[in-house]
Every structure is written in structure tokens, then in C-alpha cells.
Amino acid sequence: MQAQGTRSQARCAGQLVTDVVVRSEGPDYGGAFARSRTLGSLLVRLHTPTSPSVIRNYLLLRKGDRCSALRRSESERLLRAMPFIADATVTAYQDGDGVRLEVVTVDEPSMVGNLGITSEAPWVSRLTLGNANLLGNGVYTSGQWRSGGYYRDSYAMRYTNYQLFERPYQLDLRWARREVGSEWTARVSDPFLTEVQRVAWRVSMGQSSDYSPFRRPDTLAAVLRVKREFMDAGALTRFGPPGRRGLVGLQFSVEDVEPGRGAVVITSNGIVPETVPDLEGVYAPWRSVRLNALLGFRRLRFRRVDGFDALSGSQDLRTGIQVSGTLGRSLPTSRGIARHETFARAESFLGVAWSGMYAAVEAQLEARRRAVTGWEDVLSSGRAAWYVKPHPRHLITADLSWSSVPDARIPVQLALGDRRGGLRGYADSWLAGGTRMVGRLEERWRVASIGGTANAAIGLFTDVGSVVAGDVPLGVSSGMRQSVGASLILAVPAKSQRMWRVDFAFPTDRRDGARFELRLTSEDRTQSFWRVPNDILSARERGVPQSIHRWP
């Protein structure tokens, strides 16, 4: 073996892998934490670095294998895609006639916590505690409590094991009891994680009792209770050379939906029935039992960049094209409007990147066809975005997102101020309809490094958008609305993929409930280009994968 000081990097070109060395590091806070023995000791107690055995289980190369450039780069990308890892490198070094692989990973902070304080007794309104990488084993656990006020207190628990039985199988368990309503889901899967993987599968089930709001002017929203049960099981296989993969699979899905027969209003004194003619008899119960065929094609490459959807952290941008489709036919045990029905779903993505720029568009469409009525329940959503990075500290983004729910068979309204898909500054607005379109323009400058521990940025933004009534009950057409604002953004540690944002949003039109909004968010946006808003997500079937290329 070559001496440490004279070692040289090597290209993977079929050489024998003589050894694999893994070095897992905790979050790099730098600054005062690096200089202070007390603070450094505190971090050691609060965070356990990811176990090298967990890292090894994700590697696509082992000692004794022939080194492959694709498997080396895919191992890097797979590790960076794990939510508990901020960065990863897999480097080959010459070792006689073979190569020695050195794997270095840097963790994301693992502590999960949230505390809500009020100005009145009981002073604490909510509490969340958990760990995103429990004992370094790639396990997420959390528990949450929130005061229910006039209603019952809410509780939520989550357990996600990203490496079940020391394999890349994933187990995800979630349970929540809300002030009104409840939900639980369970899923075990072997998801597609890399280009060299051949087979994926999943089994999932769940149940929910929720309330869908329908906003009204100058009064409380009318809501419909919706009970849902679902389960699905399926498998996929890929074919074709890396970079030009095809996909084919089968899935069996079952879903029962029972909308409430009458509207209610959730008041500070309890749930009160109310007669709302526009909501009477609009939605009917149904049961869908279906066999689905899954098809897809992708021709993608990945480009590693810094400081796009993270403040200064790394991510892998998709470039190229991918398309996928789901085609299903109801089985005889279906009932209601789901009988004798054909289901179709399509997704497409196109991304291009060049020096300092990235542009991409992702669109999703699903619909159902019955012999009597033809195509209906046509749900669509998507995002188109353009990133321009004229300087390592400067980023300009422009994006357009849309959602539409005509003939929806599940109670839903698209709110203009939806937290994920709507306009900032309109969270309290009652404007909602069946189609929503929102454009955003933001300019961001990274202005400071706080002692090497964190990076800070400021941003200016404007949101422009509207909702159109369509055929949604109580829907309205808003006309064009706008908000402007500024943001304070923080990444801790400096290279974290997660950003903490405080947005100060000012609506330019203060009618219809719009008002100044102070919004705090903490989110890792590097994991996906398009995150479907919760309101349109609730209108889709639960047992159908939202994207078979990221199945599940």
C-alpha cells in the first residue's frame, strides 16, 4: 500500500477494490464549537455520528469487487440523498494494482425539537422532541404534543427506519390524534434508490378521519368530514442500460372513501352542524379495488452543485427527461362511482443545467374514465422553475406552480393562501377555488458566515397568483393578487441542506382577509424538485404512488 503522503487518486476502471474505509463525521459547526472543549463535548453528547455499518450497507462497491465509475458515483449520490446525511464523498486511491475506497460522510444535525410559547397559561402550547438519526442507526423517531384549547389535545408519533434488517428496506410508521380527526399509516418498502438497482416493492396501508374546509367570506369555514381507508401492494423492475432506464410493474390497490353527509362548523365551543346547500349531496361514498400497470422511462444525469435549494450545502440536480404512467382497471368488488372505471396517471420531468443556471419543469396529471360519463376527476399540478447563480453568494429564482381539481370526487378547495402552494401574506384569506396558479420571484444573497458555525442570507421576493372558482363548492375567482416581502435565511451548520427561513410578507391588496404574515419554516428542499401541496394531495387516491420513479 502506498504511503499516506504519496497516495494518488485513481479512476474506477475495473481495478480490484482492495479495501473500503469509512469515516463518518458529525455535523461541522466550526467556530466557537471547534475552539471550546465544553461546547465540543456538548455536541458529542447530543449527536452520535452515523454508524459506519449503516454507511457500508448503502455502498454499491465492496472489498473484492471490480471498481466501477457508475457504482462509485451512485454510492455518493445515494448517501447524499439520505435525510440524515448532509454530504458524502467516495474517493478511489491507487493501491498497488488495485484501488482503495475512502468514504467520508458528514451528518445533518440529528436533534428534533420544537417549542410553542403563549402569553397565557398554560404558557406552553406545543412540544416536539425526537432524533433524526437515533444512535447513528439511520432511524427517525419523534413525538409531538399540542394543546387543543377547547378541544382535545393532539398527539403525533413517527418512526422511520431507513435500513430495516440491515438492508436498504424502509419501514415508516405514523400516528396522529388531532384536535378533531385522526390518522395512521404504515409502509414497508424497498424503494428505488439508485440507477443500478433492478427491483423495488412496497406494501402500505392506512386510515384517516379528517375534515376538509370550504372557505366562506366573513364567516367560519364549512367543513365536511371524510373517512378514508387504503392499502396497496406492488413491485417494479427496471430494464435497459444505466442512464436510459425503462420501468414496468404491477400494483394492487384498495381505497374506501366516505364523505360526510352534511356540513359542520368548527367553533370555539364545539362542532356545530350547519345547513350549507352548496355542500348537500355533492360527494358520495365509493370503494375502489383496482389492478394497476406501472410504466416509465428515464434518461437522466445528475450534476452536483452547491447553494441552489440549500443555502450553501450540496445537492444533486436532475438533468434530462423522465416520463411515467399508471393505468388501472377497477375489479368487480369496487362499488359506487368507482365501478367499471379506468384510472390513468401521468408524470413528466425535464431538466437542463449549464454554467450557473438550471431550468426544470415537472407536471402530474391523473383522471378517471367511466363508460357513461367519460373522463372526470381530472387532477393536475406542477412546477416550472429557473435558477440563475451569477455569483457563489447570489441566487435568483423564478418559478410558476399550478394546481387544478375539476370534478373532484373527494371534498377539496384550493386556497389562495395555502402554506405550500399559495401566496405568502394570504394565509388568513378566505379566497379559494378549483384552480390555482402562483408565480414567485426571489433574489437571495448569502451575506455572512457566523463564526464558521452557520451561514446567513437575506432575500427579497414577490408572489403573484390567483384562484379560479371552477366547479368547486363555494369557490370564487380572485383575480390577480400579489404580495411582496423580505426573508432572513439561516443554515446550521453552514453546509446543512436544511434552511431555516423567516419570511415577512405584505399583501398589496388587503381585502378578503389578506394581511401581513410572519412565516417561519424549516425545510430540506434538496430532496425533490416539486413537493405537491397538501390540499391537492388530499384529493388524490392514497393507494397510488405519487411518482413511480421515486417509488414509493
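Per chain, the residues get numbers from 1 upward, laid out in the order the sequence is written. Given that the model is predicted, a residue must reach a pLDDT of at least 70 before its local features are reported, and side-chain atom pairs must reach 80 or more before they are shown or counted; all residues, however, enter totals for whole chains, interfaces and linings. Excluding hydrogens and water, the side-chain figures rest on all heavy atoms present in the structure.

Chemist: Hey, could you run me through the overall build of the protein chain in this one?
Modeler: Here a helix means four or more residues in a row that DSSP labels H or I, a strand means two or more in a row labelled E, and each is numbered from the N terminus. Secondary structure assignment for the protein chain yields five helices and 28 strands. Whereas a compact globule of 552 residues would reach a radius of gyration of roughly 24 Å, the protein chain reaches 25 Å, a difference of no more than 12%. Expressed along its principal axes, the backbone C-alpha trace of the protein chain runs to roughly 80 × 55 × 40 Å. Each residue's exposure class comes from its accessible area (1.4 Å probe, protein chains only) as a fraction of the maximum for that residue type: buried when under 20%, exposed when over 50%, partly exposed otherwise. Each of the 552 residues in the protein chain was classed as buried or not, and the buried ones make up 50%. With the radius of gyration taken over C-alpha atoms, the globule rule is written as 2.2 Å times the number of residues to the power 0.38.

Chemist: I keep staring at a nonpolar patch on the surface and nothing clicks. Help me out?
Modeler: Patch membership needs two things, relative accessible area over 30% and no salt bridge, and members are linked within 9 Å if like-charged or within 5 Å if nonpolar (Val, Leu, Ile, Met, Phe, Trp, Tyr). Each accessible area value is a Shrake-Rupley result obtained with a 1.4 Å probe; residue values ignore everything except the protein chains displayed when judging cover. Whenever a carboxyl oxygen of Asp or Glu lies within 4 Å of a side-chain nitrogen of Lys or Arg, that contact is scored as a salt bridge. On the surface, a cluster of nonpolar side chains totalling about 670 Å² of accessible area is made up of Phe-297, Ile-321, Val-323, Leu-350, Val-352, Trp-354, Val-361 and Trp-386. Breaking the nonpolar patch down by element, the ones donating at least two residues are β17 (314-330) and β18 (341-354). It is β18 that contributes the most residues to the nonpolar patch, three residues altogether. Locating Phe-297 in the fold gives a position in strand β16 (residues 286-306).

Chemist: Quick question: what am I supposed to make of the confidence of the model for the protein chain here?
Modeler: Residues at a pLDDT of 70 or more form 95% of the protein chain, whose mean pLDDT is 90. Low pLDDT (under 50) marks residues 1-5, which in the prediction has six contacts with non-local residues, meaning those over four places away or in another chain. Across the chain, each position has a pLDDT score giving the predictor's confidence in that residue, from 0 to 100. In this description, contact between two residues means that some pair of their heavy atoms is separated by no more than 4.5 Å.

Chemist: Could you clarify how one ought to interpret the state of the cysteines in this entry?
Modeler: Each disulfide is one covalent bond, formed between the sulfur atoms of two cysteines. The criterion for a disulfide is a pair of cysteine sulfur atoms lying within 2.5 Å. Inspection of the entire model under this criterion finds one disulfide. At a sulfur-sulfur separation of 1.8 Å, the disulfide partner of Cys-12 is Cys-67. Of this pair, Cys-12 sits in the segment before β1 (13-25) while Cys-67 is found in strand β2 (residues 66-68), placing the two residues 55 residues apart along the sequence. Neither Cys-12 nor Cys-67 differs from the other in exposure class; each is buried.

Chemist: Is there a simple way to think about the packing of aromatic side chains in this case?
Modeler: The relative placement of two aromatic rings is captured by the distance of their centres and the angle of their planes. Two rings from Phe, Tyr or Trp (for Trp, the six-membered ring) form a pair when their centres are within 6.5 Å of each other. A pair whose planes differ by under 30 degrees is stacked, one over 60 is edge-to-face, and the rest are tilted. In total, this model carries seven aromatic pairs according to the counting rule given. For the ring pair Phe-349 and Phe-529, a centre distance of 6.0 Å and an interplane angle of 75° mean the geometry is edge-to-face. One end of the pair, Phe-349, is in strand β18; the other, Phe-529, is in the loop between β28 (517-523) and α5 (534-538), and 180 residues separate them in sequence. Here Phe-529 falls in the buried class, since its relative accessible area comes to 10%. For the pair Tyr-358 and Tyr-387, a centre-to-centre distance of 5.9 Å together with 50° between the ring planes defines the contact as tilted. In this pair, Tyr-358 is assigned in strand β19 (residues 357-370) and Tyr-387 in strand β20 (residues 374-391), connecting sequence segments 29 residues apart. Tyr-387 sits in the buried class, given a relative accessible area of 3%. What links up through ring pairs into an aromatic cluster is the set Phe-308, Tyr-358 and Tyr-387.

Chemist: Could you clarify how one ought to interpret the pairing of strand β6 (residues 124-131) in this entry?
Modeler: For a regular strand, side-chain orientation follows a simple rule: the groups alternate between the two sheet faces. Of the strand pairs in this sheet, strand β5 (residues 111-117) and β6 are connected by seven bridges, and their pairing is antiparallel. Paired with Leu-115 across the strands is Leu-127, a residue of β6. As judged from the six bridges shared by β6 and strand β7 (residues 139-146), these two strands associate in the antiparallel manner. Residue pairing across strands places Gly-130 opposite Ser-142, the latter belonging to β7. In short, DSSP must find at least two bridges between two strands for them to pair.

Chemist: So what exactly am I meant to see when it comes to unusual backbone geometry here?
Modeler: Peptide bonds are mostly trans, and most non-glycine residues show a negative phi. Cis geometry marks the peptide bond from Val-492 to Pro-493, where omega comes out at -5°. Within the secondary structure, Pro-493 sits in the loop between β26 (481-491) and β27 (499-507). Non-glycine residue Phe-165 carries a positive phi angle of around 55°. By the secondary structure assignment, Phe-165 is in the loop between β8 (154-164) and β9 (169-177). Phi is positive for Glu-166, which is not a glycine, with a value near 60°. Position of Glu-166 relative to the elements: it lies in the loop between β8 and β9. Residue classification places Glu-166 among the exposed residues on the basis of a relative accessible area of 63%.

Chemist: I'm lost on the pattern of salt bridges in this one. Help?
Modeler: Note that side chains of opposite charge can pair when their charged atoms are close. Taken as a whole and assessed by the stated rule, the structure comprises 43 salt bridges. Close ionic contact of Asp-509 with Arg-481 constitutes a salt bridge, the shortest N to O distance being 3.9 Å. Taken together, the residues span a long stretch of sequence, with Asp-509 in the loop between β27 and β28 and Arg-481 in strand β26 at a distance of 28 residues. In this structure, Asp-509 and Arg-481 share a single accessibility class: buried. Here the salt bridges do not stand alone but share partners, grouping Arg-290, Glu-341, Arg-345, Glu-366, Arg-368, Arg-370, Glu-376, Asp-377, Arg-409 and Glu-541 into one network.

Chemist: I would appreciate a short explanation of the side chain of Arg-245 in the present structure.
Modeler: Along the chain, the position of Arg-245 falls in strand β13 (residues 245-259). Judged by its relative accessible area of 4%, Arg-245 is buried. Counting of polar contacts relies on pairs of N or O atoms within 3.5 Å, with two restrictions inside protein: one atom must be capable of donating a hydrogen and the other of accepting it, and residues adjacent in sequence are counted only when both atoms are side-chain atoms. A polar side-chain atom of Arg-245 sits 2.4 Å from the main-chain carbonyl oxygen of Gly-240. In this structure Arg-245 touches Glu-195, Val-196, Arg-198, Arg-238, Phe-239, Gly-240, Gly-296, Phe-297 and Arg-298, once residues within four positions along its chain are discounted.

Chemist: How do you make sense of the nonpolar core when you look at a structure like this?
Modeler: The tendency in soluble globular proteins is for nonpolar side chains to be buried side by side. In this structure, Leu-279, Tyr-358, Tyr-387, Val-405 and Phe-529 are the most contacted members of the largest nonpolar core, which totals 29 residues. If you list the elements that add at least two residues to this core, you get β12 (222-239), β16, β18, β19 and β20. No other element matches β20, which puts three residues into this core. If near-sequence neighbours (up to four positions away) are discounted, Tyr-387 is found in contact with Phe-308, Asp-309, Gly-356, Met-357, Tyr-358, Leu-395, Ile-396, Thr-397 and Phe-529. Grouped together as the second largest cluster of nonpolar side chains are 26 residues, Ala-10, Val-22, Leu-59 and Val-112 included. The criterion is simple. A nonpolar core is a set of buried Ala, Val, Leu, Ile, Met, Phe, Trp, Tyr and Cys residues joined through side-chain atoms within 4.5 Å.

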